[in-house]
Amino acid sequence: MKGTAQEKIPFFRDPDKLAVFYQALTALGVALLAYYLIGNTLANLERQNIATGFDFLGREASFEIGESLIAYSAANTYGRALVVGILNTLVVSFVGIVLTVILGTLLGIARLSGNWLLARLSAFYIEVFQDIPILLQLFFWYAFFYELLPGPRQALQPFAGVFLCNRGLIFAVPEAHPAFAYAGIALLLACLATVILKKWAARRQEASGRYFPVLQTGVALILGLPALTWFVAGAPTAMVTPVLSGFNFKGGVSISPEFTALLLGLVLYTSAFVAEVVRAGIQSVGKGQREAAMSIGLRPSKVLNLVILPQALRVIVPPLTSQMLNLTKNSSLAVAIGYPDFVSVAGTTINQTGQAIEGVALIMAVYLFFSLATSALMNWYNKKIAIVER
Amino acid sequence: MARVQRMVPAVVTALCLTAGVAVAGTLDDVKGKGFVQAGVNGELFGFGKPDEKGVWKGLDVDTARAVAAAIFGDAEKVKFTPLTAKTRFTALQSGEVDVLTRNATQTLGRDTELGLDFVQVNYYDGQGFLVPNKLGVKSAKELDGASVCVLPGTTTEQNLADYFRQNKMTMKPVVIESNAELAKAFFAGRCDCLTSDASQLAGIRAVAPNPTDYAILPEIISKEPLAPAVRHGDNQWKDIVNYAVLAMIEAEELGITSKNVDEMTASADPRIQRFLGVTPGNGKALGLDEKWAYNIVKQVGNYSEVFERNVGAATPLMLKRGLNALWTSGGLMYSPPFK
């Protein structure tokens, strides 16, 4: 081509250059707006003599937190208190997501079941739990626990070493012993071995057509290897049993009613939505696919695993991701029923330090991070399961 | 609850965007819009809560009414914004409310870092513990290992942690945002004790299924001077709110009540003449009508009337005057001379 002809186009008529120009202009506008807002806020705060900055993170928090995964006391810093809150949010979100996906999938499949009673029960569940606001459900479950369960002195004891009262579910745990560390390593090794085994079995099946029972072998490995290690390392059976002393149980592990109520509320509510997502995904796969699979003699479980699910997952995964994000975000309702999640801890921090803008910015940053991380993970999974178009 | 979650971002946004939150000139703003916007509790019986007919009642509510009476000569020219412990200071800082009369404890940190100014204390309180009698606890020192129900976002959480640390005891807080939900969990036995300001404990006990089953422990573990607050930097507005509170105290000391205030205008006592504006001067000094104090006493009452009406012996709270008696009766309520 003749370069001279191109050079004659003035930049304001060149769509490529104009696009760059407009984008730069927009970016500049956003930057100016941000500069104005931040400057204005700082000036306002300064004028009203309100302290700014994140120095408060290093100061002593001087408030207690009801439950914590890491060692924490009132003598620790605000920074550590916030980490405790983040971990509490993570635990309830993670456990909640796992349970929600399992329960939601079962409900979604049940909704399509040929069994009239099962399908109607599932439909009823979905309608009821979808339609009641989550906050009301949380209040209900929390009140259910503290109204129904007795005080610690009258605690129920369904099994030896397990106590159920309005302080929570308290149960005995094995006393610390090196055998458990070895068993943990054995568990990791067993998982790794199973993954390798699965790849080897798939290659062998493609090459020779011979089938290897990966599932059974894997389960045997994952359960058996740690158990064997524990046995070889001396089979310690000493337990730390909870004992009622004073107002509460000492020793053992306890799961609080706040945590349980929050988890239950989130799981029951969100799984109703997940069930609908799963149903939609399964129904999106053409009837002919199932019939074709059955006509070549596949067993029903193989039909589901090899034909229906790979196609349904394409439809299921994106809305499922948004339900996971919903669950994580709804966990911030914890403060209503006394579970010390991140928002609850950050709220106390804001009130004690008076630094609302920094506190709210932290809350937004943490939830944004959770959401982006979940999205990234699910997008990766979505790409992995996407059907390769040939 | 939902209110709180909406409120924090809204207030923060307001703080980011408003170019000129009125630091000076609150009085002009208030006069311009024709009413005082007061931040109150909304859930606390005896201090700030609407009754069953929707009429706001309480010691803090009446304090806000006194400010309105001083400015407009009409105690009803006030609108109330119910605020939670978490949102109250931000609401004041951002200009959502003109004055905060919401049982807020004056502390050094709040007076400085939060950009607030506290005025005359309208209730001297202290933090205590409410326990069920069947627990068999007679002193807060026996509470080692207890689960404690506590409201978030107050000095209460900090005092609680401090007290247990001082006494080398442990505890598990159960932090629930709303007063009503917290009380429900406590009455159902979720916690061994509930901690809050003693005046609030009386209010919570009053709504218990069976109030006689609960006792307030003798230990008062903190000083809680509850005072109205205004934004830092508007001295005229601060003076008005301050002297509105003091006028109620001074009226009690001078023996002026809402019943006898009209006769008192004929009093020969120069202190009473100055106080009621018969001898002018005080109103002009504050930038108010000379009858401002007269209007407060006539429409709201003196401190004793306000106290007895809202929290006194004849109310379900049955609080004694204690520290809140006049200095002449051994209390802390003391007003500088009105001249």
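These numbers were taken from a predicted model, which means no experiment stands behind them.

Description of the domain arrangement of chain A
Argument step 1. According to the domain assignment, chain A consists of domain 1 (11-47), domain 2 (78-175 + 238-385) and domain 3 (176-237).
Argument step 2. Here the C-alpha centroids of domain 2 of chain A and domain 3 of chain A sit 28 Å apart.

Remarks on the interface of chain A and chain B
Where the parts come together, the accessible area they lose is often given as the size of the interface.
Argument step 1. Taken together, the contacts link 39 residues of chain A with 48 residues of chain B.
Argument step 2. Contributions of two or more residues to the side of chain A that touches chain B are made by helix 2 (15-47), helix 5 (134-148), helix 11 (342-353) and helix 12 (356-385) of chain A.
Argument step 3. Per-element tally for the side of chain A that touches chain B: the top contributor is helix 11 of chain A, with six residues.

Some thoughts on the packing of helix 4 (residues 116-131) of chain A against helix 8 (residues 257-284) of chain A
All names here are of chain A.
Argument step 1. Between helix 4 and helix 8, the least distance of the axes is 8 Å, while the angle of their chain directions is 125 degrees. Judged on the interaxial angle alone, helix 8 and helix 4 are oblique. Like other packed secondary-structure pairs, helix 4 and helix 8 cross with a definite hand, here left-handed. Each of S122, Y125, I126, F129 and Q130 in helix 4 lies in contact with helix 8, whose residues at this interface are L268, Y269, A272, F273, A275 and E276.

Remarks on the sheet that holds strand 12 (residues 214-216) of chain B
Sheets are built from strands paired through backbone hydrogen bonds, the pairs being either parallel or antiparallel.
Residue and element names in this part refer to chain B.
Argument step 1. Spatially, 10-9-11-8-12 is the arrangement adopted by the five strands of the open sheet, whose pairing is mixed. Every other strand in the sheet has two partners, leaving strand 10 (171-175) and strand 12 as the edge strands with one partner each. Strand after strand, the sheet turns through a mean of 30 degrees between neighbouring axes, direction not considered.
Argument step 2. Pairing geometry for strand 9 (residues 146-150) and strand 10, over five bridges, is parallel. The residue bridging C149 from the neighbouring strand is V174, located in strand 10.

Side note on the domain arrangement of chain B
All names here are of chain B.
Argument step 1. Annotation of chain B at the domain level lists domain 1 (2-124 + 226-329) and domain 2 (127-222).
Argument step 2. Placing the centre of domain 1 and that of domain 2 at their C-alpha centroids yields a distance of 29 Å.
Argument step 3. On the side of domain 2, 14 residues touch domain 1, which itself brings 17 residues to the contact.
Argument step 4. A per-class count over the side of domain 1 that touches domain 2 returns ten nonpolar, five polar and two charged.

Here's the deal with unusual backbone geometry
Argument step 1. Positive phi, close to 50 degrees, is recorded for S62(A), a residue that is not glycine.
Argument step 2. Considering the arrangement of structural elements, one finds S62(A) in the loop between helix 2 and helix 3 (78-111).
Argument step 3. With a phi angle near 50 degrees, M318(B) is a residue other than glycine that sits in the positive phi range.
Argument step 4. Along the chain, M318(B) falls in the segment after helix 14 (303-310).
Argument step 5. For M318(B), a count of 12 C-beta atoms within 10 Å gives the class exposed.

Calculation rules
- Residues numbered from 1 in each chain as written.
- Chains lettered and ligands numbered in written order.
- Predicted model: local features only at pLDDT ≥ 70, side-chain atom pairs only at ≥ 80, totals over all residues.
- Domains from an automatic or database assignment.
- Contact = placed C-beta atoms within 7 Å.
- Helix = DSSP H or I, 4+ residues; strand = E, 2+ residues; numbered from the N terminus.
- Axes fitted to C-alpha atoms, helices over the stretch in contact; angles between N-to-C directions.
- Parallel < 35°, antiparallel > 145°, perpendicular 65-115°, else oblique.
- Left-handed = near helix turned anticlockwise from the far one by under 90°.
- Pairing = 2+ DSSP bridges.
- Nonpolar A, V, L, I, M, F, W, Y, C, P; charged D, E, K, R; others polar.
- Buried ≥ 20, exposed ≤ 12 C-beta atoms within 10 Å, placed from the backbone.

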